[in-house]
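# Commentary on secondary and tertiary structure
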Amino acid sequence: MAHLLQTSFLPSSQCLRPNPDRSSSSTSSPMVQISRRWSKTGGAVQAKIREIFMPALSSTMTEGKIVSWVKSEGEKLAKGESVVVVESDKADMDVETFYDGYLAAIMVEEGGVAAVGSAIALLAETEDEIEAARSKAAGSSSSAASSSPATASTSADPIPAEIAAPIAASAPIAAAPVAKLASAVHPASDGGKRVVASPYAKKLAKELKVELAAIAGSGPLGRIVAKDVEAAAAAAPAPVAAATTAAPAPAAAPNVELGTVVPFTTMQGAVSRNMLESLSVPTFRVGYTITTDALDALYKKIKSKGVTMTALLAKATALALAKHPVVNSSCRDGNSFTYNSSINIAVAVAIDGGLITPVLQDADKSDIYSLSRKWKELVDKARAKQLQPHEYNTGTFTLSNLGMFGVDRFDAILPPGTGAIMAVGASQPTAVGTKDGRIGIKNQMQVNVTADHRVIYGADLAAFLQTLSKIIEDPKDLTF
Amino acid sequence: MQASLSLSVSNPAAIPRSSHGFESSIPFPSKPVNLRFCGLRREALGFSSASSYPLSTSRSSRSIARSNKVSASLGGANGSSSAPKSFDYDLIIIGAGVGGHGAALHAVEKGLKTAIVEGDVVGGTCVNRGCVPSKALLAVSGRMRELQNEHHLKALGLQVSAAGYDRQGVADHANNLATKIRGNLTNSMKALGVDILTGFGAVLGPQKVKVGKDTVVTAKDIIIATGSVPFVPKGIEVDGKTVITSDHALKLEFVPDWIAIVGSGYIGLEFSDVYTALGSEVTFVEALDQLMPGFDPEIGKLAQRVLINPRKIDYHTGVFATKITPANNGKPVTIELIDAKTKEPKETLEVDAALIATGRAPFTNGLGLENINVATQRGFIPVDERMRVIDSNGDLVPHLFCIGDANGKMMLAHAASAQGISVVEQLTGRDHVLNHLSIPAACFTHPEISMVGLTEPQAREKAELEGFEVAVAKTSFKANTKALAENEGEGLAKLIYRPDNGEILGVHIFGLHAADLIHEASNAIALGTRIQDLKLAVHAHPTLSEVLDELFKSAKVNAHVGSSPVAEPVAV
C-alpha cells in the first residue's frame, strides 16, 4: 500500500496485456479471457511515462515471477510486442504492451517476484523521457531489487544515496566493494588478458556481483572456481559478531527514512548468506578472564616502536595456537578436517556497511615489530581498497575486539570454513580477591571463544585458553 | 566332410579362425570354403531345428513350412557356386543392433528363415554404447538431483543428509545393465531360431553375403543394419581419456571438474544432465546460434531455462571447435573456437575434459557396396521410402534393403526397428510404408523432453505450401494434480494441429515422464486418430496422462464432432 502511494505521482495506466499464445490465435483458455476482461479496464490516461504492471494472468494469481525480460532497457517497443515473460501460479505467459514507446526502466529483475498490480517497469513515450523515467524508478524504491544494472560493475549498492549516506564519513575504513579489491593476474589467463573461470564460478560472480578479473583462482591451473567467488563475496563483509558496531563516531541519529523497506546491498546479502550458513555448524562457547597488567606494561614500553595492541593480541593468540593445532583446524565437508599448515590470524575491522577481515599471515612466525608494520600496511591497503583476496580470505582463526567501545564481553558467530573465533572484551581495572585473602585491583579482560564442536572440543578450548592466558600474563615471549 | 562337420559343430567359435588358416595353407581355396560353408550351415540347421521344436506346439504349421525350406536350401547349396537358385536363408540381416534385432524377430514370426551377422557384440550401439547404458547413468543422475535438491525435499517434508556417490558403482550399474540387455537380446533371438553368424558382414554380390574372412552365405533378401559410430569432426583428437566420445563417456571412467560438451543435441544434453548431477561443471560448445537445435523452439527455450540456466552450465553458441587437444603433461584440454560465420578465431577454452557429441556418422565402410554399384552419400546408404537400396544409377537394387542409422532417415533405435519390421512386412507380401512422422523421440534429461511429428516452424512451413491452417494448443504441468503431488510442476505440452480436420501435426512435451507420455500422441498419428475423437477418450485421474487429455481438450477443431472427416489413416 505504501508503495502504491509512493508511486502514485506517476500518471499510470495498465499498458500490458497478456498474450496467451504468441504464435497462434487458437487457444483462448479461461485465464486469457479473464485477463482480457481485466485489460479492457485500463489505459485511458494519456501520459508520457507509464507504469507497466504485473498483470493478473489467472483468477487465482496474486503474484507473478518475472521469468525473463524479452526487451531490455532503452529498447523501443511497438504496440502488441512481447515485453516480458511472466510465470503465474499456472503457466508462463508472454505479456505484450498496449502502447508504443521505450522500455525506460526495469524495476523487477528477472527472477524477481511482484504482486499483481504492482509496477514492474516504466514505459517512456519518447527517448528523451527515458532518463526522467529512470530517476523516477530509482526514487520509488520499489519492493523489487535493483533498478539500474548499468552501474552494477562498481556500485554494489542500489539504494538511493540519501538513505545510505552519513555513516560513511566517520567510518574507520571506507567502504570497499569487493570488485575493486584486487587485480590478480591469473596464471592461465594469457598474462591477464583472459579470465579462466569455471561455468558455475561465472554464474555466481554475476549473481553476487563480483568481478572475476579481481579474483585469484585456486582451482586446477589457477582457474577461478565457485569457492573463490564465494570467498571474495564473503570476505569483505566478514561474518563476525554483530555488524551493528559499524558506527564508532558520535553519530547523530542516522538520517534514514523510517518505515522504509531497504533491500540488502550485495555486502549485506553476502553477510546474510554467511550467517545462515553458520547455522549449520554446531558451535559452543568457552570464556576466560585474563589479567592484562603485564601485557599493558609491555605495550606501554614498546608502543613507541610502532607496536599495536592488535598485533600483540594476534601474536599471543598465534603462539597459543601453535601449541594447540586442533583449535587452528577447520572442517569443511563434515567428514574430515584439516590441520591448517599456517596460523593466519584474521582481525575483524568495521567498515562502512559491513566488515572486513585483513589477515596477519604466519602470525606465530613473524616478530612483533614486523607484525605491527604488516598490520598498519593492511589497514592502509584496506582504506585504499587495494587488499588482495589472499589478504582478507585466508584466515584460519579470527579475532574480534570490541574492547575500545567499553564492551566487556560478547559473543561472536563462527565464520563458516574456520574452526574458531575469539571475541575480546575491554581490559578494565577489576577488584580481585587473591589467594592470601586480600583484595587488589588488576586489569582484566574477558575473552570468549566460539568453536566448531565437530572438531574442537571443550577440553581443547580450555587448554588453549589456559595457554593464552599464561602467554598474556607473562608476555616476554611476545617480543622474541 | 564328415570330420569338418563335427569339428565345426563342437567348436563354432573357431570357424572363422580355422578357415583363415586353411586359406593360407591350401592352394585351392574353393574347396575348403565350401566345406566350411557346409559345416556352418549344418550347424545352423541343427540349432534352429532343435530350438524350434518346443515352439512347434503353438506354431506347428510355420515350423513345418520352415523345415521344408531348409531342406530345399540344403539340397541346392551343395552344388551351387555363383548364381544361387535356392538360398541358405530367406533373410540375412547384417548388424545385430536394435534395428536388426527387431527385423529378425518379426521375420521369424512371419516364417522366414533368418540369420543375423554381427562383427562386434550383439545389441549394437543402443544396447552397448548408447540408449541403454546412458539410461542407467541418467537414472543415477535423476536420483542424485532429487537428493541434492534440498528445497524440493523440504517442500515434501523430507530430510536427507548429504547425498554422495561411488563412481565405480555408478559405472558398474551402466555396464551391468548393458550386459543384461545384451543377454536378453541374444537369448530372444536364439530362442526363436535366428542364426547368429559371428564376423563382419559384407555384401559380395546380389543375394550373397560374406561373413568374416571367407564364409559366404546366400539369402533371398538382405537387410543392411550396420548402424553408426560417433562423429568426430576434423581437428579433434580423441584420446579416450580427456577428449572422449559418448562411447567412452558411458564407461564413466572419471568425473571431471569441468567438462566441455561439443554439441548441444540430445546426446550432449543427456550427458550434461549426468555430469552436473555428479558434480561437474559443463560448458556447451554449439555451432548453431541457439542451444538445442532440432527441438521445437519454444520447448528449447523452456528447456534451456530449466536444464541449463539454473545448473552449473555455461555455453558458447555460434562457434566451431576447430582444434581440440587432449590433456597432456599437466596441461589442460584446450579447445580452439572460431566464429561459425566469420571463421575468425574467437576464444580458447581450457577444461579438464571434452565430450564430442556432434552427432553420429553411418558405419558403412567395408560393406562391399561397390560390388553392387551403390555409392554412399556422406556415408549414408541411399534408400527409397520402403528402405530399398538405390544404386549409383538411381535404380533400386533388388533384394537389398538398408535400415536404421546407416540410411540416415531417422537416427533412432526404435526407428531402425520399425523400418526393419516394415521391410519384413513387404517381404512377406504386405506392402508397407513407414510413416516417420509418427515415430516419437525422447531426451531423457530431468525432466524429460519428448516429441513426435513436426515442430511448429516445420508445420507452419508445410501449411504455407499446402494451404491449410495451423493451430497450437498448450497445457502446463503446473495445472496437473499428479505433477503437483510430485512437486514437479515445471513443464509444458504443446500440440500443433489442423483446426479444419483435427489432424495432429506434432506434439512436444517437456516435463515429468514426458518420454512415457508421448505415445498417446504418436499412436494417434500412426493410426490417424483425430483430435475430436481423442477428446472423448478417458484418462485415469490423477495421472500425468491428463496433461495430454487437457491438451487435446483445449484444441479447437472446426470439424463436425463424431465423424472422422478423413476416414483413411495417415499410414498403416
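Fair warning: this is a prediction, and the values are worked out from it, not measured in the lab.

What follows concerns the overall build of chain B. Within chain B, the secondary structure is distributed over 19 helices and 23 strands. Taken over 572 residues, chain B has a buried fraction of 53%. A fraction of 65% describes how many contacts in chain B between residues 6 or more apart in sequence connect residues 24 or more apart. In the structure as shown, chain B presents an accessible area of about 25300 Å², 55% of it carried by carbon and sulfur atoms.

What follows covers the UniProt feature "active site" (unreviewed entry) in chain B. Residue and element names in this part refer to chain B. Taking the numbering used here, the UniProt-annotated feature "active site" (unreviewed entry) corresponds to His-541. Within the secondary structure layout, His-541 lies in the loop between helix H18 (531–534) and helix H19 (546–554). His-541 gets classed as exposed once you look at its relative accessible area, which sits at 56%. When sequence neighbours within four positions are dropped, the list of residues in contact with His-541 reads Thr-481 and Glu-546. Within the local environment of His-541, its side chain forms a polar contact with the side chain of Glu-546, the two groups lying 2.6 Å apart.

With that settled, the discussion passes to the sheet that holds strand E21 (residues 471–476) of chain B. Residue and element names in this part refer to chain B. Taken in spatial order, the 5 strands make up an open sheet running E19-E20-E23-E22-E21, and their pairing is antiparallel. The outermost strands of the open sheet, each flanked by one partner alone, are strand E19 (441–443) and E21. Geometrically, the sheet is characterised by an average inter-axis angle of 10 degrees between neighbouring strands, direction not taken into account. The sheet contact formed by strand E22 (residues 492–497) and strand E23 (residues 504–511) spans 6 bridges and is antiparallel. What sits directly across from Lys-494, in E23, is His-508.

Next up on the list: the environment of Leu-295 of chain A. All names here are of chain A. Along the chain, Leu-295 falls in helix H9 (residues 293–302). As a C-alpha pair, Leu-295 and Met-309 span 14 residues in sequence and 9.1 Å in three-dimensional space. Leu-295 has contacts with Met-309, Leu-312, Leu-313, Ile-472, Pro-475 and Leu-478, leaving out every residue within four places of it along the chain.

Here the focus is the UniProt feature "domain: Peripheral subunit-binding (PSBD)" (unreviewed entry) in chain A. Taking the UniProt record as the reference, the feature "domain: Peripheral subunit-binding (PSBD)" (unreviewed entry) is found at residues 196–233 of chain A. With 47% helix and 0% strand, residues 196–233 of chain A has end C-alpha atoms that lie 18 Å from one another.

Right, let's talk about the side chain of Thr-450 of chain A for a bit. All names here are of chain A. In this structure, Thr-450 sits in strand E20 (residues 439–452). A distance of 2.8 Å separates a polar atom in the side chain of Thr-450 from the backbone oxygen of Ala-412. Setting aside residues up to four positions removed in sequence, Thr-450 forms contacts with Thr-283, Phe-284, Arg-285, Asp-411, Ala-412, Leu-414, Gly-419, Ala-420 and Ile-421.

A word on the packing of aromatic side chains. Residues and elements named next belong to chain A. Applying the stated criterion to the full structure yields 3 aromatic pairs over all chains. When the centroid spacing of 5.8 Å and the interplanar angle of 55 degrees are considered together, the rings of Phe-397 and Phe-464 count as tilted. Taken together, the residues Phe-397 in strand E17 (residues 397–401) and Phe-464 in helix H12 (residues 458–473) connect sequence positions 67 residues apart. The pair formed by Phe-397 and Phe-464 is uniform in burial state, with each residue classed as buried.

On to the pairing of E20 of chain A. All names here are of chain A. Bridge count for strand E10 (residues 283–291) against E20 is 9 bridges, and the pairing is antiparallel. Across the sheet, Ile-290 pairs through a bridge with Met-445, a residue of E20. As defined by bridge partners, strand E18 (residues 420–424) adjoins E20 across 5 bridges and the pair is classed as antiparallel. Note that in E20 the partner of Ala-420 across the bridge is Ala-451. Alignment of strand E19 (residues 428–433) against E20, held across 6 bridges, turns out to be antiparallel. Considered in E20, the bridge of Val-432 is made with Gly-440. The turn linking E19 back onto E20 is made up of 5 residues, and Gly-437 within it adopts a positive phi angle of 85 degrees.

The next point concerns the pairing of strand E2 (residues 114–118) of chain B. Residues and elements named next belong to chain B. Counted residue by residue, E2 has 5 buried out of 5 residues, so it is predominantly covered. As paired elements, strand E1 (residues 89–94) and E2 share 4 bridges and run parallel to each other. What sits directly across from Ile-93, in E2, is Ile-116. With 4 bridges joining them, E2 and strand E3 (residues 195–198) adopt parallel strand pairing. Across the sheet, Ile-116 pairs through a bridge with Ile-196, a residue of E3.

Cut-offs applied
- Residues numbered from 1 in each chain as written.
- Chains lettered and ligands numbered in written order.
- Predicted model: local features only at pLDDT ≥ 70, side-chain atom pairs only at ≥ 80, totals over all residues.
- Heavy atoms only, no water.
- Helix = DSSP H or I, 4+ residues; strand = E, 2+ residues; numbered from the N terminus.
- Buried < 20%, exposed > 50% of the residue type's maximum accessible area, 1.4 Å probe, protein only.
- Contact = heavy atoms within 4.5 Å.
- Areas by Shrake-Rupley, 256 points an atom, 1.4 Å probe, with all protein chains shown as cover.
- UniProt positions renumbered as here; feature names shortened; annotations may be inferred.
- Polar contact = N/O pair within 3.5 Å; in protein donor to acceptor, adjacent residues only side chain to side chain.
- Pairing = 2+ DSSP bridges.
- Axes fitted to C-alpha atoms, helices over the stretch in contact; angles between N-to-C directions.
- Phe/Tyr/Trp six-rings, centres within 6.5 Å; stacked < 30°, edge-to-face > 60°.

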